[in-house]
Amino acid sequence: MSDSYSPIKVDLEKDKRYAWCTCSHSTNQPFCDGSHRTHNATPSMGFSVEENKEAYLCTCKKTSNPPYCDGTHNA
Ligand code: FES
């Protein structure tokens, strides 16, 4: 099943607060939409970046470097 996930490319803005979905229930991947509350699942992980950049955010939730994809989805 690991090949059913792939990272999502996003444009991140400097100093903006983001909430990465950790539970997979969000319908707004890779970001949190609050679904963890109704599923009693793990809360989002907040993060921000120090410069505007493009990034590939993990959707399989198994990365060792959250919120970024580290290739684990291919393992
Ligand atoms: S999507 Fe690549 S490690 Fe999770």
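Now for a look at the structure at hand. None of the values given here were measured: they were computed from a predicted structure.

1. A short note on the pattern of salt bridges
In total, this model carries two salt bridges according to the counting rule given. One salt bridge in this structure joins Glu54 and Lys9, with 3.7 Å as the shortest N-O distance. Of the two residues, Glu54 is situated in strand 4 (residues 53-57) and Lys9 in strand 1 (residues 8-12); the sequence distance between them amounts to 45 residues. Lys14 serves as the salt-bridge partner of Asp15, at 3.1 Å between the closest nitrogen and oxygen. A relative accessible area of 47% places Lys14 in the partly exposed class.

2. Comments concerning the environment of His25
Among the secondary structure elements, His25 is positioned in the loop between strand 2 (18-20) and helix 1 (35-39). Among the residues examined, His25 registers a relative accessible area of 34% and is labelled partly exposed. Sequence separation between His25 and Thr42 is 17 residues, and the spatial gap between their C-alpha atoms is 9.8 Å. When residues no more than four places from it in sequence are discounted, the contact partners of His25 are Ser35, His39 and Ala41.

Rules behind the numbers
- Residues numbered from 1 in each chain as written.
- Predicted model: local features only at pLDDT ≥ 70, side-chain atom pairs only at ≥ 80, totals over all residues.
- Heavy atoms only, no water.
- Salt bridge = Lys/Arg side-chain N within 4 Å of Asp/Glu carboxyl O.
- Helix = DSSP H or I, 4+ residues; strand = E, 2+ residues; numbered from the N terminus.
- Buried < 20%, exposed > 50% of the residue type's maximum accessible area, 1.4 Å probe, protein only.
- Contact = heavy atoms within 4.5 Å.

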